[in-house]
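Residue-level listing of the chains:
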Amino acid sequence: MVVPCYHLSMEDLRFLALANNSMVNFGICKCFLSDCSMKVDGVVNWLEDGLRILATLQHRMWEGIIRVHLSFPKKLFFCQAKFAESGNDGSFSLRVVPPNLLAAEKEEARAVLTLFLKKQGLSNAVAARTINKSEHFIDHLVSRLHSIHKSWYLVGRELTTLEIRDALIPYLETLLEEFGDILVDVVETFPDLPVKETSIEKVANAPVEERPIVPVSAPNTTLNSKKIKALDRVSKAGPAGQLPPHIIYLMELGMELELIKEVTRKFPAFAYYSLEGKIKPVVEFLLDIGVQKSEISTILTKRPQLCGISLSENLIPTMTFLENLGVDKKQWATVIYRFPALLTYSRQKLKATVDFLYEVGLAADNVGKILTRCPNIVSYSVEDNLRPTAEYFDSIGVDVAALLYRSPQTFGLSIEANLKPVTQFFLEKGYDIGNVANMVSRYGSLYTFSLSGNLVPKWEFFQTMGYPKSELVKFPQYFGYSLEKRIKPRHAILRESGVRLLLNQVLSLSDELASPVKESESDFWKKCISIDWGRCQNFGTWVASFKKG
């Protein structure tokens with residue numbers, strides 16, 4: 001079995017330790033430091049921080065030999081790639097992404113950028129010409145995806161079309177605000193930006209006196225001037241040589257100064273919020289309702305406007321309003337961490353979304369569960385997203401209420417760019433519209449996957465597995481498993497053994513069951529396939545049979 005090679009920083013390892021609670025013991029871990037190499041059997045006497053992390057990782061990594069490349073800041077071993085040279089900020093480089101997935105992500109990034117440019121008024125022809133000249137910028141967008149969702153990539157989690165869009169659109173909006181009328185030039189000439197010394201990633205880092213005002217229209221010039229003043233306010237030390245009190249407080253919460261600058265660049269008013277009057281009361285309130293201190297930085301980065309909202313007049317009344325609509329008050333910490341913008345929407349907007357959920361036939365308790373589990377559904381326009389999507393799925397025979405409950409994120413997708421192409425894909429493969437309706441009813445996330453990066457390659461491999469097409473109607477969850485890490489390896493083992501199992505039996509069995517017996521994956525599966533599935537009345541009895549060997 002080929003073992004992938006991961007290029008990880010110390011922070012990446014922390015993500016890995018948190019993300020892989022179900023992983024099994026790791027055997028031998030090879031850490032390559034500069035030109036030196038050392039074997040790690042269990043835990044080694046190494047850097048104090050690395051020691052703690054490796055101890056956490058033990059018994060959680062994949063079985064067998066894992067090769068982990070540890071990337072360090074310049075002051076230790078390696079020089080990080082410069083932004084202009086690498087197309088990314090040098091903070092995260094994930095080499096484990098398969099080439100076909102990387103190509104698919106580029107296509108997704110291209111589609112997002114194309115739609116964004118058209119939304120700004122560009123014609124189809126002009127947008128197409130711009131995209132053809134933006135290869136380096138597309139690479140930069142994909143790099144941002146890897147940086148934003150690095151913990152997901154580390155465990156083989158593939159991004160959906162909606163997740164890619166949600167990650168890139170806010171960034172493109174920030175660039176539009178930053179560069180205004182010359183955004184097209186920025187995209188086409190990246191990383192050689194059209195305005196001297198103005199860098200997408202380095203505006204916040206450059207000394208104030210070196211930050212030129214971008215020569216765009218008067219409103220944008222004024223806006224940039226306000227941003228520069230705001231950035232100066234958060235980064236300039238006072239007479240005593242200290243940063244402003246509210247900046248020190250935020251840094252103590254875990255927000256690095258560069259991140260505070262980034263937030264300020266997106267939302268300049270953040271620089272002027274007082275510590276005692278706005279920031280501290282909101283932070284303490286969040287901590288009181290169960291938000292972890294380590295999560296405060298993420299919440300404020302996503303929605304700094306929270307600090308500008310009155311607790312007594314807005315935040316708490318909005319929470320009470322949402323609780324009356326069904327949001328689980330015990331889950332507020334999780335809800336806010338997932339979508340902090342929820343608390344900044346008007347009651348009219350919140351009520352419009354809830355009214356629509358009732359309209360399609362959802363029960364009150366299910367409405368509350370949707371708002372708790374997927375709070376960002378309130379960001380979807382009822383008339384532009386929710387209602388047209390509901391009508392589309394109803395037209396192909398899908399129970400809209402059931403789909404909304406199981407996969408509300410599907411309703412944020414474009415009908416023309418996402419839904420119709422997926423439906424057409426399955427129709428072209430010989431399925432009828434009833435089959436497609438059954439598939440999405442059984443697996444609501446089916447439409448959130450990329451065609452080129454997920455559905456097409458997995459369909460092509462499925463054709464080599466020897467199953468009838470009807471197997472996918474019964475088990476459309478097939479498309480949710482990693483092709484390289486689960487589907488191909490497990491199929492190869494079964495093929496070699498000559499044993500035939502249903503598709504769901506092959507893929508749905510958890511690798512966690514291998515952990516207690518400390519077997520290789522091959523031995524583990526040999527034991528799996530020797531069990532009489534027909535005599536196992538449920539999963540529990542199967543596990544019992546497995547443990548007995």
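Owing to the predicted nature of the structure, the values given are computational and were not obtained by experimental measurement. (Residues numbered from 1 in each chain as written. Predicted model: local features only at pLDDT ≥ 70, side-chain atom pairs only at ≥ 80, totals over all residues. Heavy atoms only, no water.)

## Points about empty space enclosed by the protein
As enumerated under the stated definition, the model contains 3 cavities of 30 Å³ or more in all. As for the second largest cavity, its lining consists of 10 residues, and the residues nearest its centre are L101, A104, L159, S450 and G453. Among the elements of the structure, helix 4 (99–119) and helix 23 (451–462) are those that each provide at least two residues to the lining of the second largest cavity. Among the elements that make up the lining of the second largest cavity, the one with the highest residue count is helix 4 (4 residues). Tallied by class, residues from the lining of the second largest cavity come to 4 nonpolar, 3 polar and 3 charged. (1 Å grid on protein atoms, 1.4 Å probe; cavity = no way out; pocket = protein on both sides within 12 Å on 5 of 7 lines; lining within 4 Å. Points joined across faces, edges and corners; volume = space filled by probe spheres on them. Helix = DSSP H or I, 4+ residues; strand = E, 2+ residues; numbered from the N terminus. Nonpolar A, V, L, I, M, F, W, Y, C, P; charged D, E, K, R; others polar.)

## Some details on helix 15 (residues 311–324)
Here helix 15 spans 18 Å end to end across 14 residues, near enough to the 20 Å set by a 1.5 Å rise per residue. Along helix 15, the residues that are buried comprise L315, T318, M319, F321 and L322. Elements that come into contact with the buried residues of helix 15 comprise helix 13 (275–288), helix 16 (332–338) and helix 17 (347–359). Positive backbone phi, at 120°, marks G326, one or two positions downstream of helix 15. (Expected span 1.5 Å × (residues − 1). Buried < 20%, exposed > 50% of the residue type's maximum accessible area, 1.4 Å probe, protein only. Contact = heavy atoms within 4.5 Å.)

## Comments concerning helix 6 (residues 135–148)
Counted at 1.5 Å a residue, the expected span for helix 6 with its 14 residues is 20 Å, and the 20 Å between its end C-alpha atoms agrees. Every buried residue of helix 6 is accounted for by F137, I138, H140, L141, V142, S143, R144, L145 and H146.

## Thoughts on the packing of aromatic side chains
With the rule as written, the count across this model stands at 17 aromatic pairs. Residues F426 and Y431 carry aromatic rings whose centres are separated by 6.1 Å and whose planes lie at 75° to one another, so their mutual orientation is edge-to-face. For the pair shown, F426 and Y431 are each scored as buried. Their ring planes at 80° and their centres at 5.2 Å tell us that Y478 and F479 sit as a pair that is edge-to-face. (Phe/Tyr/Trp six-rings, centres within 6.5 Å; stacked < 30°, edge-to-face > 60°.)

## Description of the side chain of K458
For K458, the location among the structural elements is in helix 23. Only 2.5 Å separates the side chain of K458 from the backbone oxygen of Y481, close enough to count as a polar contact. (Polar contact = N/O pair within 3.5 Å; in protein donor to acceptor, adjacent residues only side chain to side chain.)

## A short note on the packing of helix 19 (residues 382–395) against helix 21 (residues 415–428)
For any two helices packed against each other, one specifies the inter-axial angle together with the distance between the axes. Where helix 19 meets helix 21, the axes come as close as 12 Å, and the angle between the chain directions of the two elements is 15°. The orientation of helix 19 with respect to helix 21, classified from their angle, is roughly parallel. Of the two possible hands of crossing, helix 19 and helix 21 adopt the one that is right-handed. From helix 19, P388, T389, Y392 and F393 reach across to helix 21, where they touch I415, L419, K420 and T423. In the contact of helix 19 with helix 21, the residues fall into 5 nonpolar, 2 polar and 1 charged. (Axes fitted to C-alpha atoms, helices over the stretch in contact; angles between N-to-C directions. Parallel < 35°, antiparallel > 145°, perpendicular 65-115°, else oblique. Left-handed = near helix turned anticlockwise from the far one by under 90°.)

## Concerning the side chain of H246
Mapped onto the fold, H246 is located in helix 11 (residues 245–252). Take H246: its relative accessible area is 6%, and that puts it in the buried class. The contact partners of H246, leaving out residues within four places of it in the chain, are A271, Y273, L275 and I279.

## Topic: the pattern of salt bridges
Scanning all chains against the criterion turns up 12 salt bridges. When the shortest N-O distance is used, the salt bridge between E276 and K280 registers 4.0 Å. Taken as a pair, E276 and K280 lie in helix 13 at a separation of 4 residues, close to a single helical turn. With a relative accessible area of 55%, E276 lands in the exposed category. Residue classification places K280 among the partly exposed positions, given a relative accessible area of 26%. Notably, a salt bridge pairs K351 with D355, separated by 3.0 Å at the nearest N-O pair. Placement of the pair is K351 and D355 together in helix 17, with a separation of 4 residues, close to one helical turn. Here K351 falls in the partly exposed class, since its relative accessible area comes to 43%. Judged by its relative accessible area of 35%, D355 is partly exposed. (Salt bridge = Lys/Arg side-chain N within 4 Å of Asp/Glu carboxyl O.)

## Comments concerning the nonpolar core
If you look at the biggest cluster of nonpolar residues, it comprises 98 residues, and the most contacted ones within it are F393, F426, Y447 and Y478. It is helix 13 that provides the largest number of residues to this core, a total of 6 residues. Among all residues touching Y447, those that are not within four sequence positions of it are F393, I396, T410, L413, N418, L419, V422, T423, V436 and V440. Ranked by size, the runner-up nonpolar core spans 26 residues in total, among them L141, L168, L183 and V187. (Core = buried A, V, L, I, M, F, W, Y, C linked by side-chain atoms within 4.5 Å.)

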